[in-house]
2 protein chains.
Amino acid sequence: MNAGLQRRLALAHKLADAAGVAIRPHFRQRIDIASKTSGGHPGFDPVTEADRGAEEAMRLLIRETFPSDGIIGEEFGSTPGESGYVWVLDPLDGTRAFIAGQPMWGTLIALECQGEPVLGIIEQPFLRERFIGAGGRAELQSREGAVIPLRTRECNALAEAIVCTTHPFAHFDDGERACFRRVETAARMSRYGGDCYSYGLLAMGFVDVVMEARLAHWDIAAIVPIVEGAGGMVTNWRGAPVHMGGDVIAAGDRRVHAEVLRLIAAG
Amino acid sequence: MNAGLQRRLALAHKLADAAGVAIRPHFRQRIDIASKTSGGHPGFDPVTEADRGAEEAMRLLIRETFPSDGIIGEEFGSTPGESGYVWVLDPLDGTRAFIAGQPMWGTLIALECQGEPVLGIIEQPFLRERFIGAGGRAELQSREGAVIPLRTRECNALAEAIVCTTHPFAHFDDGERACFRRVETAARMSRYGGDCYSYGLLAMGFVDVVMEARLAHWDIAAIVPIVEGAGGMVTNWRGAPVHMGGDVIAAGDRRVHAEVLRLIAAG
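Reading the values: the criteria
- Residues numbered from 1 in each chain as written.
- Chains lettered and ligands numbered in written order.
- Predicted model: local features only at pLDDT ≥ 70, side-chain atom pairs only at ≥ 80, totals over all residues.
- Heavy atoms only, no water.
- Contact = heavy atoms within 4.5 Å.
- Buried area = accessible area lost by both parts, 1.4 Å probe.
- Salt bridge = Lys/Arg side-chain N within 4 Å of Asp/Glu carboxyl O.
- Polar contact = N/O pair within 3.5 Å; in protein donor to acceptor, adjacent residues only side chain to side chain.
- Helix = DSSP H or I, 4+ residues; strand = E, 2+ residues; numbered from the N terminus.
- Pairing = 2+ DSSP bridges.
- Axes fitted to C-alpha atoms, helices over the stretch in contact; angles between N-to-C directions.
- Least-squares fit on C-alpha atoms with pLDDT ≥ 70 in both.
- Parallel < 35°, antiparallel > 145°, perpendicular 65-115°, else oblique.
- Left-handed = near helix turned anticlockwise from the far one by under 90°.
- pLDDT = per-residue confidence, 0-100.
- Phe/Tyr/Trp six-rings, centres within 6.5 Å; stacked < 30°, edge-to-face > 60°.
- Buried < 20%, exposed > 50% of the residue type's maximum accessible area, 1.4 Å probe, protein only.
- Lys NZ or Arg CZ within 6 Å of the ring centre and 35° of its normal.
- Expected span 1.5 Å × (residues − 1).
- Arc of directions from axis to C-beta.
- Disulfide = S-S within 2.5 Å.

## Focus on the interface of chain A and chain B
Interfaces are often sized by the accessible area lost when the parts come together.
Here's step 1: Facing the 51 residues of chain A at the interface are 50 residues of chain B.
Here's step 2: Between chain A and chain B, the buried area comes to about 4,400 Å², and carbon and sulfur atoms account for 56% of it.
Here's step 3: Taken together, the connections running from chain A to chain B amount to four salt bridges.
Here's step 4: Applying the counting criterion to the chain A and chain B interface returns 20 residue pairs in polar contact (both at pLDDT 80 or more).

Structure representation (structure tokens):
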């Protein structure tokens, strides 16, 4: 890992800390739907507060530390830079999980160098778990402060795999859902509702495939160094690079990745 | 709350502690599928170890403290008693979540008196969260040790509701799924993958409806005092009591509960 990346890795941890500080107070704050729709607190939305607050805090830290780095953020758009490094930020990925009180959302922090993702973090501030990928390795910082190397598990075939997607109805169109269903029915088991946390579980070796459609650049850029650093693969549904966004297949074992691509192509 | 119930509430907390001690070491223990199917560790299964260990620990504590109470457990069957009190135990509800590393599983502990559920606990040992319902009230013991009263939220209509189910394909037959889809498409949002933790989120006021099919006695008995103690309703899909098992509708607001029953009946 070169010195420029090493210094930015230290910053990335500070960004994750700052995002947690900004978001945590808004998680599981009750909004009574009844009072909301009958006129109470019309302007207040904890998701928006958390989302914008976290991105502002991260942008400020980046500008202070590496003012010539570029920034692409979900909430505040693109700020070009000249250093060759670009930060790609999704302060609150998984807003539906956040709203429902489920701790499967996360802050996604990616760093790209000359257009290639070189660092990624999935931060889960409520669980106090942080998945980090950089320099060809990946690790988990646990709630207890332990640093655990991440390694995907071997899986001989899709028939033995656990497959995750967030929501087969809300996030796939009919054709995409047909592809997903072919993969799901060939697998051992499927689990839903995981959002970005599913990629962390894949890097930990508990799930084998994550399949999602039409992700944005900031939804997937941080995932790539984590999954690849743990020994897995992330591509689009045709096997091409996907860190700029698209339909995503992540797999812990390349044989299963290849099998999923064949099943998709067979549709 | 009478003295018999009060003393058993103290025991119920000890059961939840003991279940956590038995299960926690087995959660997120890696089993490499590849080595498993090629002959490594053929007899070892962390789910079974956790499940049986937790139920054994709980049964031992009950026998020591209230030897004339009955016990019904998922793993070791029924032990009749003469006190009028019966414990209903599911040491590890949500084994698929457990296997996939998702912290949505739980230990379910119910106490029935003369056949009626009077106490319920959902224990999540990894998150260190405990939902408790007894004596017409419900509360959450948080990871930080805070005790937070549980109260479902008001919801004027299903169109404003968040609806949860664990898995619309794995856990419903075609007719049940058609019922669920009518409810889901009339709701504001649906979320999957929540397992027993969804009822805790309903009691906290973050989700409005939980819908599941063909639950066993030990899957639902503990849920009833928690949801009802928080101000919500739990019945089967025809509006009848469900604590002995069946198809479950839980709702935070009785107007939404009634609307869901009408939609199911319209099928």
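Next, the rest of the story.
## Looking at the side chain of Q102(B)
Here's step 1: In this structure, Q102(B) sits in the loop between α4 (95–100) and β4 (106–113).
Here's step 2: If we skip the residues at most four places from it in the chain, Q102(B) touches C164(A), R191(A), Y192(A), G194(A), L201(A), F27(B) and A97(B).

## Points about the sheet that holds strand β3 (residues 85–93) of chain B
Residue and element names in this part refer to chain B.
Here's step 1: Pairing is mixed across the open sheet formed by eight strands, whose spatial order is β2-β1-β3-β4-β5-β6-β7-β8. The open sheet has two edge strands, β2 (77–79) and β8 (147–149), and neither has a second partner. The mean inter-strand angle of the sheet, taken between neighbouring strand axes irrespective of direction, is 15 degrees.
Here's step 2: Across the sheet, helix α1 (residues 3–23) touches β3, β4, β5 (116–124), β6 (129–134) and β7 (137–141), and the angle it forms with β5 is around 30 degrees.

## Notes on the relation of the copies chain A and chain B
Here's step 1: When chain A is fitted to chain B, the residual RMSD is 0.0 Å, and the transformation amounts to a turn of 180 degrees plus an axial shift of 0.0 Å. Between the two chains, the operation in question is that of a two-fold axis. Considering only C-alpha atoms, the part of chain A nearest the rotation axis is G193(A), at 2.4 Å.
Here's step 2: The share of interface residues of chain A whose copies in chain B are also at the interface is 98%, consistent with both copies meeting through the same surface.

## Thoughts on unusual backbone geometry
Here's step 1: Positioned with a positive phi, Q114(A) is a non-glycine residue whose angle comes to about 50 degrees.
Here's step 2: If you trace the backbone, Q114(A) turns up in the loop between β4 (106–113) and β5 (116–124).

## Concerning the packing of α1(B) against helix α3 (residues 46–65) of chain B
All names here are of chain B.
Here's step 1: α3 packs onto α1 with a crossing angle of 150 degrees between their chain directions and a minimal axis gap of 8 Å. Taken together, the axes of α1 and α3 lie roughly antiparallel to each other. As for how α1 packs across α3, the hand of that crossing is right-handed. Contact residues: α1 offers L11, K14, L15, A18, A19, A22 and I23, while α3 offers A50, G53, A54, A57, M58, L61, I62 and T65.

## Observations concerning the confidence of the model for chain A
Residue and element names in this part refer to chain A.
Here's step 1: In the predicted model, chain A carries a mean pLDDT of 94, and the fraction of residues at 70 or more is 95%.
Here's step 2: Contacts from residues 35–40, a stretch scored under 50 in pLDDT, to residues over four places away or in other chains number four contacts.
Here's step 3: With a pTM of 0.95, the predicted complex shows an ipTM of 0.94.

## Quick look at the packing of aromatic side chains
Between two aromatic rings, the relevant description is the distance of the centres plus the angle of the planes.
Here's step 1: Scanning the entire structure with this criterion turns up 18 aromatic pairs over all chains.
Here's step 2: Considering the side-chain rings of F27(A) and F98(A), the 5.3 Å spacing of their centres and the 45 degrees angle between planes classify their relative orientation as tilted. Of this pair, F27(A) sits in the loop between α1 (3–23) and α2 (33–37) while F98(A) sits in helix α4 (residues 95–100); the two residues are 71 residues apart in sequence, bridging distant segments of the chain.
Here's step 3: The exposure class assigned to F27(A) is buried, which follows from its relative accessible area of 6%.
Here's step 4: Among the residues examined, F98(A) registers a relative accessible area of 3% and is labelled buried.
Here's step 5: In this structure, R143(B) packs its charged tip against the face of F126(A), placed 4.9 Å from the ring centre.
Here's step 6: Its guanidinium or amino end placed over the ring of F169(A), R181(B) lies 3.7 Å from that ring's centre, counting from NZ or CZ.

## Some thoughts on helix α5 (residues 174–186) of chain B
All names here are of chain B.
Here's step 1: In a regular helix each residue adds 1.5 Å, so 13 residues correspond to 18 Å; α5 covers 18 Å between its end C-alpha atoms and thus fits that length.
Here's step 2: If you check which residues of α5 are buried, you get E176, R177, C179, F180, V183 and E184. Buried residues in α5, looked at end-on, bunch into an arc of 160 degrees, giving them a common side. Opposite its buried face, α5 presents the exposed residues D174 and T185, each directed more than 90 degrees away.
Here's step 3: Where the residues of α5 are buried, they touch β9 (162–165), β10 (189–192), β11 (209–215), β13 (246–251) and α9 (254–265).
Here's step 4: A distance of 3.1 Å separates the backbone nitrogen of G175 from a side-chain oxygen at the start of α5, and that oxygen is part of D173.

## Here's the deal with the state of the cysteines
Residue and element names in this part refer to chain A.
Here's step 1: Going through the model one piece at a time under the given rule, you end up with zero disulfides over all chains.
Here's step 2: Sulfur of C155: no disulfide; nearest cysteine sulfur belongs to C164 and is 12 Å away.
Here's step 3: The exposure class of C155 is buried, given its relative accessible area of 1%.
Here's step 4: Here C164 is not cross-linked by a disulfide; its sulfur's nearest cysteine counterpart is in C196, at 12 Å.
Here's step 5: With a relative accessible area of 1%, C164 lands in the buried category.

## Some details on the pattern of salt bridges
All names here are of chain A.
Here's step 1: Scanning the model with the defined rule gives 30 salt bridges over all chains in all.
Here's step 2: Between D69 and R8 there is a salt bridge, and its shortest N-O distance comes to 2.8 Å. Taken together, the residues D69 in the loop between α3 (46–65) and β1 (70–73) and R8 in helix α1 connect sequence positions 61 residues apart. A single burial state applies to D69 and to R8, both of which are buried.
Here's step 3: R137 is paired through a salt bridge with E139; the nearest N and O atoms lie 3.8 Å apart.
Here's step 4: One network of salt bridges, in which partners are shared, links D17, E123 and R130.

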